[in-house]
Amino acid sequence: MSETVNQVTRCFVHKRPGFDVEAQALCRDLREQLGAAGLERLTIVNRYDMEGVPPEVYRQARGTVFSEPQVDAVYDGDFPRPEGPHTLLAVEALPGQFDQRADSAAQCVQLMTGGERPLVAYAKVYVLEGELAPEELEKIKGYLINPVECREASLDKPDTLERAYAAPPMVETLNGFTELDREELSALLDRLGLAMDLDDLSFLQNYFRDWERRDPTITEVRVVDTYWSDHCRHTTFSTHLKHVEIGDPAVQAAYERYLAARVEVYGEEKAKKRPQTLMDIATIGTKVLKKRGLLPELDESEEINACSIHVTAGVDGEEQDWLLMFKNETHNHPTEIEPFGGAATCIGGCIRDPLSGRAYVHQAMRVTGGGDPTVPLSETLEGKLPQRKIAQTAAAGYSSYGNQIGLATGHVAELYHPGYIAKRLECGAVVAAAPASHVRRERPAPGDVVILLGGRTGRDGIGGATGSSKSHNKKSLATMASEVQKGNAPEERKLQRLFRDENVTRMIKRCNDFGAGGVSVAIGELADGLSIDLDAVRKKYEGLDGTELAISESQERMAVVIAAEDEEQFIAMAQAENLEAYRVAVVTESPRMVMTWRGQTIADLSREFLNTNGAVKRAKVSVPERAYPVVGHEFADLREMAASLKCASRRGLVERFDGSIGAGSVLMPFGGKTQTTPAQAMAALLPTMPGEETDQASVMAWGCDPDALSADPYNGAYDAVTVSIAKLVAAGADPAAVYLTIQEFFEKLRDEPVRWGKPFAALLGALDAQLDYGAAAIGGKDSMSGSFLDRDVPPTLISFAIAPVKAGEVLSPEFKEAGHPVYLFGGETTGEINFSWGQFHKLAQSGKVKAAWAVENSIAEGVMKMSFGNRIGFAAEKEGNAAFWMGRPWPCPILAELTEDVKVYCKAARIGVTTAEPVITMGEDSAPIDELLKLNEGVLEEVYPTRAGTSDPVEAVTWDRRSPAVFDGEIARPRVVIPVFPGTNCEYD
């Protein structure tokens, strides 16, 4: 067979028997979880169509680009069907969605030729063998095809991969908008599917009628809707709290402390005039501590890319001033409807925040929440994806992106609560650093230029900011396809490499990544006055109109402001990293954001108007009196605790992520000779350049218990902060050096005072904790869309804590040696806790602490997990009933293995001793470590396997010297004959 370059070439690739792990696992899930009893065997085949690839190039690429010779079988043109009953199901990405397989294949072929990039299309073909009933096939299709990201593909080979795009129409002006009455405005709100409410739309109408004296374009309405979305401008957190009713004495006392803090920071007169908001509660703690002179390391600037503190680092024996940056991000909404892409862009977006601050991201953390993933798929709610599928696919998305970009994921945790069935919690946090001398920050001046660099723009991500601000309903899966992007990790990796060059970063006055809002926000926020040329924005494909170019959230892009004289050099340096870079805007003196497209001004908005954030929102708050839950034990004994979902090992999940990339990790996710004791924190060296050495590291941890927050948001949030700091202290950090960043995730608050009372109380709890511990929350994110019909997420406040630490001072949690005393450090009051942390830190500095664990759920759980890593047992010496061992006697005490007995004060006490016998004994309760480990790891084994399943043996291969039949005139060479289906063979060169 001979082909011309312009013909479509097709090949099929699948894993050889013995290597088809994915197919076997999927077949098992479909049979056991979905009930597809008629399914006998499943094969996953990757189908590639390519155009513009010469035959000689394809011959080389089929064994290097499209397949791995050691494990793959390849068939050209078509592949043999199974002899028995079977069904073929092909699935492809939706038009406009980024397809990484196709894009990577096209880039690789281009690298081989050095010429133009060919067209490549990809589809995954499922070969389903067996007699499948129609209802079984429909279930399988429903499981394999998520309408948000993909669709069923044709089995026919196309004549061409070229696509014709209709020229987009000019941008529409909403004629008559300024004259609409309130009922007509409401109808327009529904027709356009806007995230803003009717008051916002009326506010917009008044602006155009009274100030612009014209009707707006659809672009202007969409841009404003994006700017004023809860995601971009924190509308809920900026709502004025006008009437507060509190029935809970603890919350009332906290509220009075907040009012006193306002007077301390703003002064009495300004405090009276300044509105009370959730945002003010969230940020006042840092302002108070700063005013008291307690935040000397804080890095302050007009840029708000990420939290940033100064750290003195010894590099090659020289002390240097470094910026340590950290950021948390959620992608709850996109991960709920498209788990892989949502989770992948969660870590991608999180990386871009400190990266836009010109810091190199070197470690990541993932904290997620879902419903019980072990429940049968049959219990899935209508309009929802199964919890197991969300959990597994989201883990694959996050780990795939992190592993591709080369980012060590130092810590992974997953919370389970029935409320997260309403909407998944998908939260990432990253740590980054750079020498302070590499970072230039200046206010843009008229005449400066804005350079867009990185990926191109498509329809993916349009509506992401506004969509993530909405609660879900049964139609969400079918109507939100454009809101979720597919991450392009290799492209972002290029941005990381570019921004490591100090000669590049010193040209950048200000930088923004492309998150929510696309061009309109990423470029629009760089300066007060901007003239943006949308015709200059490069596209993934034709057919996009001006509005789509303005608000598309296509990621892996950056916008930077540089002086006009630096433009040529900056673009050249970007192109050296194979990054597209080009001017798209100019900074102007007039404080307006102006966008032009195809000779038409499609947006011309006052910066002052955009910054109003729409109509002022007001809400009432009600915090009812609460009966404080008594801290007790949840489990009858050690075995019941070990086998619980709350305490279950997440090792199968954690091992999907690479925590060793970059060789800078100080703590590995699991410790001990058996690597079964989970670390509670992550630690890594600062990312010096190759050849440089440093012993300066950072350590990061988190705290959140959705059960405790559901019972009492105030105390639950206070404890979340306490736990996050305690984990750092247990890892060797100085409690006086801790900084925080907080993530809130609550139900849609609507106009219901009791709902507003939950984040109100939680933020007051976090504020009290900040002031009590002297740890400032210098950043955070909020998400108030956790509702699905009548279901709501549990009140969720995650405290992320970080501190600098010397690498040699980091402590790991696994017991190290038998015969060592085990102490408990804690206290009932904040003063006692601070004192006990100080005692512990001094002991750690003197080398007397061998291992430590911050108690989250119970003392018994901490002892058990500390015992796993080195199979070192524990014998209790302190008398205590089940409530003592299975509960927490004080807020987050620290368990510590010491080298010797020490004199301790306050509430610290010796409670037991490590033993050579691998048994845990607490009073009358006793269990072998191996038995507890087996129970602990077995809970989630089906969801996140730690052991490989059985598979058929790998088929033997044979060789012959026949010339392949694929290409006419090809010289003879070896051929591997591999069984594909019973009775058939395929050829692989």
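Since the structure is predicted, the reported quantities are computational estimates derived from the model, not experimental observations.

**Quick word on the pairing of strand β1 (residues 8-15)**
- When you tally the buried positions in β1, you get seven out of eight residues, the bulk of the element.
- Here seven bridges tie β1 to strand β2 (residues 41-51), and the two strands are oriented antiparallel to one another. Its bridge partner being in β2, Val-8 is matched across the sheet by Glu-51.
- Where β1 and strand β3 (residues 72-76) come together, five bridges link them in antiparallel fashion. Residue pairing in the sheet places Lys-15 in a bridge with Asp-72 of β3.

**A few points about helix α30 (residues 859-868)**
- Along α30, ten of the ten residues are buried, which leaves the element largely enclosed by surrounding structure.
- If you check which residues of α30 are buried, you get Ile-859, Ala-860, Glu-861, Gly-862, Val-863, Met-864, Lys-865, Met-866, Ser-867 and Phe-868.

**Some remarks on the sheet that holds strand β14 (residues 510-513)**
- Ordered in space as β14-β16-β13-β17-β15-β18-β19, the seven strands form an open sheet in which the pairing is mixed. Edge positions in the open sheet fall to β14 and β19 (600-606), since each of these has one partner strand only. Direction aside, neighbouring strands of the sheet carry axes that sit 20° apart on average.
- In terms of strand pairing, strand β18 (residues 592-597) meets β19 through six bridges, oriented antiparallel. If you follow Thr-596 over to β19, its bridge partner there is Thr-601.
- Across the sheet, helix α22 (residues 567-576) touches β13 (449-454), β16 (557-562) and β17 (581-587), and the angle it forms with β13 is around 5°.

**Concerning the nonpolar core**
- Residues Phe-760 and Leu-764 are the most contacted members of the largest nonpolar core, which totals 114 residues.
- For this core, the element with the highest residue contribution is helix α27 (residues 713-730), accounting for eleven residues.
- Ignoring sequence-local partners within four residues, the contact set of Phe-760 consists of Leu-241, Val-244, Ile-246, Val-251, Tyr-255, Leu-278, Ile-281, Val-621 and Val-623.
- By size, the runner-up hydrophobic cluster in this structure holds 54 residues, among which are Ile-462, Ala-516, Leu-544 and Tyr-582.

**A few points about the environment of Ala-883**
- Secondary-structure assignment places Ala-883 in helix α31 (residues 882-886).
- Given a relative accessible area of 32%, Ala-883 falls into the partly exposed group.
- Residues Ala-883 and Ala-636, spaced 247 residues apart in sequence, show a C-alpha to C-alpha distance of 9.3 Å.

**Digging into the environment of Lys-673**
- Along the polypeptide, Lys-673 turns up in the loop between β21 (670-671) and β22 (677-678).
- Judged by relative accessible area, Lys-673 falls into the exposed class, the value being 66%.
- Separated by 98 residues in the primary sequence, Lys-673 and Leu-771 place their C-alpha atoms 40 Å from one another.
- The contact partners of Lys-673, leaving out residues within four places of it in the chain, are Gly-869 and Asn-870.

Analysis parameters
- Residues numbered from 1 in each chain as written.
- Predicted model: local features only at pLDDT ≥ 70, side-chain atom pairs only at ≥ 80, totals over all residues.
- Heavy atoms only, no water.
- Buried < 20%, exposed > 50% of the residue type's maximum accessible area, 1.4 Å probe, protein only.
- Helix = DSSP H or I, 4+ residues; strand = E, 2+ residues; numbered from the N terminus.
- Pairing = 2+ DSSP bridges.
- Axes fitted to C-alpha atoms, helices over the stretch in contact; angles between N-to-C directions.
- Contact = heavy atoms within 4.5 Å.
- Core = buried A, V, L, I, M, F, W, Y, C linked by side-chain atoms within 4.5 Å.

Structural measurements only, silent on function.
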